[in-house]
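Survey of secondary and tertiary structure
Chain by chain, the residues run as shown.
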Amino acid sequence: MGFRKAFQITSALLALFTGVTPQTIGLAPKKFLSLPLGAVKASGWLQDQLIVQNNGLAGHEHEFYHYVSQSDWIGGDSFYSNLEEAGSYWFNGMVPLGILLNDSTVQSQTQQFLDYVLDHQDSTGWLGPEVNTTKPRYLWGRYPFLFGAIQMVEANPALESRVVPALHKFVSLANAMLHNGTGVDDWAATRWEDFVIALQWLYDFHPDGQEDILIDTMKMLKFTGDPWEQVFAEENFPQGPVEHMSNPFPVLTWHGVNMAEGLKALPSTFRFTHNQSDLDAASLGWDLLFKYHGRPSGIYAADEYLAGLEAVRGTELCLVVETMFSGSYLYQVIGDPKFADRVERITYNALPATLTGDMWSRQYLQQQNQIASKDMSPNPFPNDGSYSNVFGLEPNYPCCTVNHPQGWPKFVSNSFVTTPDQKSLVHVYLGPFDTSVTLAGGNKVTASVDTLYPFSDTLTTTIHADKAFTYYVRIPSWVSKGTISVDGAAAKAVSPSNGLQAVSVRAGTTKIVSNIPADITIESRPHGSVAVHRGPLHYAFDIPRTQKILAQNAQEPRAVDLEFDATDAWQYAIDPSSLHFNARTPSGGKLPSPVFDSGLPPFTITATACPINWSVAGDTFAAAPPASPVTCTGSTRNITLWPFGATKLRIGEFPTFNVTA
């Protein structure tokens, strides 16, 4: 339940609370192994997304945003709470961005950050801005730093001799703190799984004879942390908005971002308990979360706390990127393709939807039906401010400004994995990539994927290998009548096993062409409304908008807070039987830059629609969709639905009518 006092912990007591017995020695293997940072690079339009991000807010925070440029993590005096997460959040996201873009400026910034923190590690082993101060010492803020430092070692093994001993020294201190009942505040009690994953990296790759204390620290983190296996139990899980419910566990377990991070708790626990029940509970918790709070955009609703299914409720940007990362970890540990399918949906829908196309402004909360982005009156979010859905520098709270940069880079890094025996390469997230890896037996392999996916149904993969091996590519659950062709042979129907299509690759060069079309599908939503999908993309009506600058940063004029207002009607019902998919070929075979903005993606869906009576609250947000079927108030017309990620004002859940009625 989150214990806050000192304990004398015996092995028997730990076994009782963590499920670890003397027979469960070491760490259980994962179903798939991640590749070190830099082994997978984006190409094509996805590489452009990283460039746009680096040219936007994320790539310039170090120059003007005081929580980064003057962070107390690097000797400044700026921080936004005693959680001390601002600097470490930024570091965790910018390390992979700098490596994937080979950007010397970003790499210099992250190297200086790392050097400062390690240079100022105190004699006890503590890392972070609390050194030589009277600030309270809570463990949580270190965890993003550990992730960033680990990624730097992966990308540059020469750093191992400097980073790894510092991490072991910190682990020794943290272990003592946990046994003494210190360092665990309410936030560390919910986010203990991140530290466990960092410890498991040390155990797997750099144990340095410290296996016992690493395992003991993992056990102690679970013992002193919140009980995610109970939070995710069906009898305890909230089936709607939680603002009027009583949480039987610490209140922060129903917090949206904590839930996103907590998704990793049970798969990380499984590795040291070896208990299948941990994986079963993790899988069930994932399903319950999206059943009762899920969004057609792939993510779930939590405007600070879990918020149910209504389209007006919000989703925080931090939980978007944290769920992407957690879903990748779940897939690597458990191997169920449902995790990969959802991460891909989130990445190609919810993530770009909550950022302006140029990525200079971000929201705190996005809405499924979003008819305005402004200071809202009345405020539909019971636990967040009225400014939360404004696109800006730091609407509502600064955390998403420093944490969002991890989203796209970590998606790229986790797009390929290997099998545990390292004999096979597995393409998990579909998109354009270049991958270079040495498989078992010294088999050097490169794989280049040429595609506009998710704005194309075709992927062309060229593989160069020293030796023959089996290559796997994920076939998403939404694929209909997919085919695959190898080296120009006749295309054959895909026949995936557990979501993966096996392809025999010979020594030398092999060319694989995958064609993975999808049907238009309809998702049922509250009040008889519907959401529209095709493949990984969710489609929404893009409401024409005006733009007004609400605030502009004095040091960086491109960092602006923007108000968007609708300039045209949005109150439509659609006839689901009328939906028609349209695909145009982008000019020159290349997608525009950026692609996730109004009118730019090459895929659309047209629908027969009619105007209806649909009320608003004040002038800022749409009421729940009227119950379907609805009565039209005017003649039918065709409207165009665009990929959700390209819309900034939108209707994504529609009432329905029957055009033949």
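Residues numbered from 1 in each chain as written. Predicted model: local features only at pLDDT ≥ 70, side-chain atom pairs only at ≥ 80, totals over all residues. Heavy atoms only, no water.

Examining the overall build of the protein
The condition is simple: Elements are defined by DSSP. Helices are runs of H or I of four residues or more, strands are runs of E of two residues or more, and each kind is numbered from the N terminus. Note that the radius of gyration is over C-alpha atoms, with the globule rule given as 2.2 Å times the number of residues to the power 0.38. Think of it in three bands: residues with accessible area under 20% of the maximum for their type are buried, residues over 50% are exposed, and the middle band is partly exposed, with areas taken using a 1.4 Å probe on protein chains only.
Helix and strand counts for the protein come out as 19 helices and 29 strands. Taking 2.2 N^0.38 as the reference for a compact globule, 661 residues should give roughly 26 Å; the C-alpha atoms of the protein span a radius of gyration of 24 Å, in line with that estimate. With the principal axes as the frame, the protein shows a C-alpha extent of 75 × 60 × 50 Å. With 661 residues in all, the protein has 63% of them scored as buried.

Side note on the packing of aromatic side chains
Selection rule: Whether two aromatic rings pair depends on their centres lying within 6.5 Å, for rings of Phe, Tyr and Trp, where Trp uses its six-membered ring; planes under 30 degrees apart make the pair stacked, over 60 edge-to-face, and the rest tilted. Whether a charge lies above a ring is judged from NZ of Lys or CZ of Arg, which has to be within 6 Å of the ring centre and within 35 degrees of the ring normal.
Evaluation of the coordinates by the stated rule reveals 38 aromatic pairs. Ring centres of Trp570 and Trp614 lie 5.2 Å apart, and the angle between their planes is 70 degrees; on these two criteria the pair is classed as edge-to-face. Taken as a pair, Trp570 in the loop between strand S22 (560-566) and strand S23 (572-574) and Trp614 in the loop between strand S25 (603-611) and strand S26 (616-617) lie far apart in primary sequence, 44 residues in all. Members of the aromatic cluster, each reached through a chain of ring pairs, are Trp45, Tyr348, Trp408, Phe411, Tyr429, Tyr453, Phe455, Phe581, Phe596 and Phe603. One Lys or Arg, Arg342, reaches over the ring of Phe290 and ends 3.8 Å from the middle of that ring.

Overview of the side chain of His60
Defined as follows: In protein, a polar contact requires one atom able to donate a hydrogen and another able to accept it; more generally it is a pair of N or O atoms within 3.5 Å, and residues adjacent in sequence count only if both atoms are side-chain atoms. Every residue pair with non-hydrogen atoms within 4.5 Å of one another is taken to be in contact.
The residue His60 is located in helix H3 (residues 57-64) in this model. One polar contact links the side chain of His60 to the main-chain carbonyl oxygen of Gly56, over a distance of 2.9 Å. Ignoring any residue separated from it by four or fewer positions in sequence, one finds His60 in contact with Asn54, Asn55, Trp360 and Arg558.

So, the sheet that holds strand S9 (residues 425-427)
Applicable threshold: Pairs of strands are assigned from DSSP output, requiring at least two bridges between the strands.
Sheet architecture is open: 5 strands sit in the order S1-S8-S9-S13-S16, paired in mixed fashion. Each of the sheet's edge strands pairs with one partner strand only, and the pair in question is strand S1 (33-34) and strand S16 (500-505). As defined by bridge partners, S1 adjoins strand S8 (residues 416-418) across 2 bridges and the pair is classed as antiparallel. Each bridged residue has a counterpart across the sheet, and for Ser34 the counterpart in S8 is Val417.

Some remarks on unusual backbone geometry
Cis geometry is adopted by the peptide bond preceding Pro378, which originates at Ser377 and carries an omega value of 0 degrees. Inspection of the secondary structure assignment puts Pro378 in the loop between strand S7 (372-373) and helix H18 (399-403). For Gln422, which is not glycine, the phi dihedral falls at a positive 60 degrees. Inspection of the secondary structure puts Gln422 in the loop between S8 and S9. Given the relative accessible area of 40%, Gln422 is considered partly exposed. Phi at Asp487 takes a positive value of approximately 55 degrees, unusual for a residue other than glycine. Its location among the elements puts Asp487 in the loop between strand S14 (483-486) and strand S15 (492-493).

Some words on the packing of helix H10 (residues 192-205) against helix H14 (residues 265-273)
Quick note on the threshold: Where helices are involved, their axes are fitted lines through C-alpha atoms of the stretch in contact, as for all axes, and angles between N-to-C directions lie from 0 to 180°. Definitions for this section: a left-handed crossing has its near helix turned counterclockwise from the far helix by less than a right angle. A right-handed crossing has that turn clockwise.
At a minimum axis separation of 9 Å, H10 and H14 run at an interaxial angle of 40 degrees. Once H10 is placed against H14, the crossing between them reads as left-handed. Contacts between H10 and H14 involve Trp192, Glu193, Val196, Ile197, Gln200 and Asp204 from the first element and Ala265, Ser268, Thr269, Arg271 and Phe272 from the second.

Some details on H10
For clarity, the threshold we go by: Expected span, for any helix, means 1.5 Å times one less than how many residues it has.
For H10, which comprises 14 residues, the first-to-last C-alpha distance of 21 Å matches the rise-based estimate of 20 Å (1.5 Å per residue) to within 8%. For H10, the full list of buried residues reads Trp192, Glu193, Asp194, Phe195, Val196, Ile197, Ala198, Leu199, Gln200, Trp201, Leu202 and Tyr203.

Here we look at the pairing of strand S20 (residues 537-542)
The element S20 is extensively covered by neighbouring structure, given that 6 of its 6 residues are classed as buried. Two elements, strand S19 (residues 530-534) and S20, share 3 bridges in a ladder whose sense is antiparallel. Opposite Arg534, over in S20, you have Leu537 as the bridge partner. Here S19 folds back onto S20 in antiparallel fashion, the turn holding 2 residues, of which Gly535 has a positive phi close to 60 degrees. Relative to strand S28 (residues 637-643), S20 runs antiparallel, the two being bridged by 3 bridges. Directly across from Phe541, in S28, lies its bridge partner Leu641. In terms of strand pairing, S20 meets strand S29 (residues 650-651) through 2 bridges, oriented antiparallel. Within S29, the position partnered with Phe541 by the bridge is Ile651.

A short note on the packing of helix H7 (residues 142-155) against helix H8 (residues 160-179)
The line we're drawing: In this scheme, roughly parallel covers angles under 35 degrees and roughly antiparallel covers those over 145, while 65 to 115 is roughly perpendicular and the rest are oblique. Throughout this entry, Asp, Glu, Lys and Arg are counted as charged residues, while Ala, Val, Leu, Ile, Met, Phe, Trp, Tyr, Cys and Pro are counted as nonpolar. The remaining residues, Gly among them, count as polar.
H8 packs onto H7 with a crossing angle of 155 degrees between their chain directions and a minimal axis gap of 10 Å. Put simply, H7 runs roughly antiparallel to H8. With respect to the hand of their crossing, H7 and H8 are arranged in left-handed fashion. Across the interface between the two elements, Arg142, Leu146, Ala149, Ile150 and Val153 from H7 touch Glu160, Val163, Leu167 and Phe170 from H8. Of the residues assigned to the contact of H7 with H8, the class counts are 7 nonpolar, no polar and 2 charged.

None of this, on its own, says anything about what the molecule does.
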